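In case you want the letters, here they are:
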Amino acid sequence: MDLRALRQFIHLSQTLHYGKTSEAMHVSPSTLSRSIARLEDELGATLFERDNRTVVLTQAGGQFREFAEATLTHWQELKHQLKNDPIELTGQIRLYCSVTASYSVMSELLTRFRGEFPNIEVILETGDTAQAVQKVMDDEVDIAVAPLPDQLPNPLLFKSLVATTLEFIGPTAEGPVSALLEQNPIAWGQVPFIMAEFGLARKRLDHWFRGMSIKPHVYAQVAGHEAIVAMVGLGLGVGVVPALVIENSPLKDKIRTIAVEKQLQPFDVGVCVLNRRLQDPLVHAFWKTAQKIHQEST
């Protein structure tokens, strides 16, 4: 039994999807299957019940997951306890955030963290904010910058860093979309919308449409607030993005905010982490840095 197999098992027990886990763990599906089969042979128990459509964690699998998580945690603790100077933490930490957050929210975090722990290697992945919480839940990353969900999953901890409003934006250039926005009142059902595929912003916009009894004209669905800004700047439609994205966008001169009668609920942006991951000294060190910044801003 090796640590890599334990990590693969834990990830699979969370996703219950061999394809997703093999991609996240950078192994082929056949390699992952053999790894799980070896664990089952060593244990003499079935960890997953699977067919062509579903993967289900067995009772034995649930018991083994507790063992695997505790083993990996104790391994990390032992490695760092055996070092002469506990301050000199080394290793890798996996972070996730949007492109905008990488040079706004994450910038101060990384500057402070790297200054205090220069020997920790930071692996930063950027992508759609809507995927941030799930990335942490699936253990694909250690910590992510994300807006606070309406309901925070029980295994997660969240530390607020900055609040930002959600703004309706339209193009500054003249064209069909700008002409629609000049109407009084605006016929929102006729206005083409550039919308997020999923996520908290999409959820709040959908709620706004329902509250206004509007059937939206969806021009396009895209991943990432930055993509919405780009398409709105081209004059293709109207979108909703956090003010933080507008402030840091190189295209902010091509868009303008639109006043609406009913405002959307703002975003509370911060960092999230699985509670059990705080037992890892590297993750705990980054979390403490975020806590310091939170305390200084309140």
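Cut-off values and rules
Counting restarts for each chain, with residues numbered from 1 along the sequence as it is written. Reporting of local features is limited, given that this is a predicted model, to residues whose pLDDT is at least 70; pairs of side-chain atoms are given and counted only at 80 or more, and all residues count toward the totals for whole chains, interfaces and linings. By convention in this description, side-chain values take in all heavy atoms of the structure and omit both hydrogens and water. For helices the rule is a DSSP run of H or I covering at least 4 residues; for strands it is a run of E covering at least 2, with both sets numbered from the N terminus onward. Under the scheme applied here, a residue whose accessible area is under 20% of the maximum for its type counts as buried, over 50% as exposed, and between as partly exposed, the area being computed with a 1.4 Å probe on protein chains only. Should any heavy atoms of two residues lie within 4.5 Å, those residues are counted as being in contact. Note that accessible areas follow from Shrake-Rupley with a 1.4 Å probe, and for residues the cover is restricted to the protein chains shown. Here Asp and Glu are counted as negative and Lys and Arg as positive; His is not counted, and neither are the chain ends. Charge positions come from single atoms, namely NZ of Lys, CZ of Arg, CG of Asp or CD of Glu. Put simply, buried Ala, Val, Leu, Ile, Met, Phe, Trp, Tyr and Cys residues joined by side-chain atoms within 4.5 Å make one nonpolar core. A side-chain nitrogen of Lys or Arg and a carboxyl oxygen of Asp or Glu constitute a salt bridge if their distance falls within 4 Å. Think of each axis as a best-fit line through the C-alpha atoms, taken over the contacting stretch in the case of a helix, with angles from 0 to 180 degrees between the N-to-C directions. Here the word oblique covers every angle except those under 35 degrees (roughly parallel), over 145 (roughly antiparallel) and from 65 to 115 (roughly perpendicular). For two strands to be treated as a pair, DSSP must find at least two bridges joining them. For a helix, the expected span equals 1.5 Å multiplied by the number of residues minus one. Crossings are assigned a handedness: left-handed for a near helix turned anticlockwise from the far helix by less than a right angle, right-handed for a clockwise turn. Note on residue classes: Ala, Val, Leu, Ile, Met, Phe, Trp, Tyr, Cys and Pro are nonpolar, Asp, Glu, Lys and Arg are charged, and everything else, Gly too, is polar.

J.: Just checking my understanding: could you explain the overall build of the protein chain for this structure?
T.: Of the regular secondary structure elements, the protein chain holds 12 helices and 12 strands. Judged by the C-alpha coordinates and their principal axes, the protein chain covers about 70 × 50 × 30 Å. Relative to its 298 residues, the protein chain shows a buried fraction of 45%. When contacts within the protein chain are restricted to residue pairs at least 6 apart in sequence, those whose partners lie at least 24 apart make up 73%. As displayed, the protein chain offers around 15400 Å² of accessible surface, 51% of which is attributable to carbon and sulfur atoms. Counting 28 positive and 34 negative side-chain charges, the protein chain places the centres of these two groups 1 Å from one another.

J.: Sorry if this is basic, but what is going on with the nonpolar core here?
T.: Across soluble globular proteins, you tend to see nonpolar side chains buried next to one another. Formed by 49 residues in total, the largest nonpolar core has its most connected members in Phe168, Trp188, Phe193, Trp208 and Phe286. No other element matches the seven residues that helix H12 (residues 281–297) contributes to this core. What Phe193 contacts, discounting residues up to four positions off in sequence, is Phe168, Trp188, Leu205, Phe209, His217, Val218, Tyr219, Ala220 and Val238. Listed in part, the 16 residues of the second largest apolar core include Ala5, Phe9, Leu32 and Leu47.

J.: So what exactly am I meant to see when it comes to the pattern of salt bridges here?
T.: Two side chains bearing opposite charge may form a pair once their charged atoms approach each other closely. All chains considered together, the criterion is met by 16 salt bridges. Residues Lys203 and Asp150 are paired through a salt bridge, measuring 3.2 Å at the closest nitrogen-oxygen approach. Of this pair, Lys203 sits in helix H9 (residues 200–211) while Asp150 sits in the loop between strand S5 (143–147) and strand S6 (156–164); the two residues are 53 residues apart in sequence, bridging distant segments of the chain. Here Asp150 falls in the partly exposed class, since its relative accessible area comes to 40%. Between Arg202 and Asp206 there is a salt bridge, with the nearest N and O atoms lying 3.1 Å from each other. Separated by four residues within a single helix, Arg202 and Asp206 lie in helix H9, roughly one turn from each other. For Arg202, a relative accessible area of 16% corresponds to the buried category. Put simply, Arg94, Asp139, Asp142, Arg277 and Asp280 are held in one network by salt bridges that share partners.

J.: Would you explain the packing of helix H1 (residues 3–15) against helix H3 (residues 29–43) in this entry?
T.: What describes two packed helices is the angle between their axes and the distance between those same axes. Packing of H1 against H3 brings their axes to within 10 Å, and their N-to-C directions diverge by 105°. Viewed along their axes, H1 and H3 adopt a mutual orientation that is roughly perpendicular. In this structure, H1 contributes Ala5, Gln8, Phe9 and Leu12 to the contact, and H3 contributes Leu32, Ser35, Ile36 and Leu39.

J.: I'm lost on the environment of Leu236 in this one. Help?
T.: Within the secondary structure layout, Leu236 lies in the loop between helix H10 (225–233) and strand S10 (239–242). For Leu236, a relative accessible area of 28% gives the class partly exposed. Along the primary structure Leu236 and Phe193 are separated by 43 residues, whereas in three dimensions their C-alpha atoms are 8.2 Å apart.

J.: What is the right way to read the sheet that holds strand S7 (residues 166–171) from this model?
T.: Strand pairs in the sheet, formed through backbone hydrogen bonds, run parallel or antiparallel to each other. Spatial strand order, S10-S7-S11: three strands in an open sheet with antiparallel pairing. Two strands in the sheet have a free side with no partner beyond their single neighbour: S10 and strand S11 (255–258). If you compare each strand with its neighbour and ignore which way they point, the axes differ by 50° on average. With four bridges connecting them, S7 and S11 associate as antiparallel partners. Along S11, the bridge assignment pairs Pro171 with Ile255. Where H10 meets the sheet, it contacts S7, S10 and S11, and its direction lies at approximately 135° from that of S10.

J.: Please explain H1 as it appears in this structure.
T.: An α-helical segment advances 3.6 residues per turn. Residues three or four places apart therefore align on the same side. Taking 1.5 Å per residue, 13 residues should reach 18 Å; H1 reaches 19 Å between its end C-alpha atoms and fits that length. Where H1 is concerned, the buried positions are Ala5, Leu6, Gln8, Phe9, Ile10, His11, Leu12, Ser13 and Thr15. Residue Leu16 follows H1 closely and has a positive phi angle near 50°.

J.: Is there a simple way to explain the packing of helix H6 (residues 105–116) against H12 in this structure?
T.: Where H6 meets H12, the axes come as close as 10 Å, and the angle between the chain directions of the two elements is 125°. One element, H6, and the other, H12, form an angle in the oblique class. H12 is crossed by H6, and the crossing has right-handed handedness. For the pair H6 and H12, contact is made by Met106, Glu108, Leu109, Leu110, Arg112, Phe113 and Glu116 and by Leu282, Ala285, Phe286, Thr289, Ala290, Lys292, Ile293 and Glu296, respectively. Within the contact of H6 with H12, the residues separate by chemical class into nine nonpolar, one polar and five charged.

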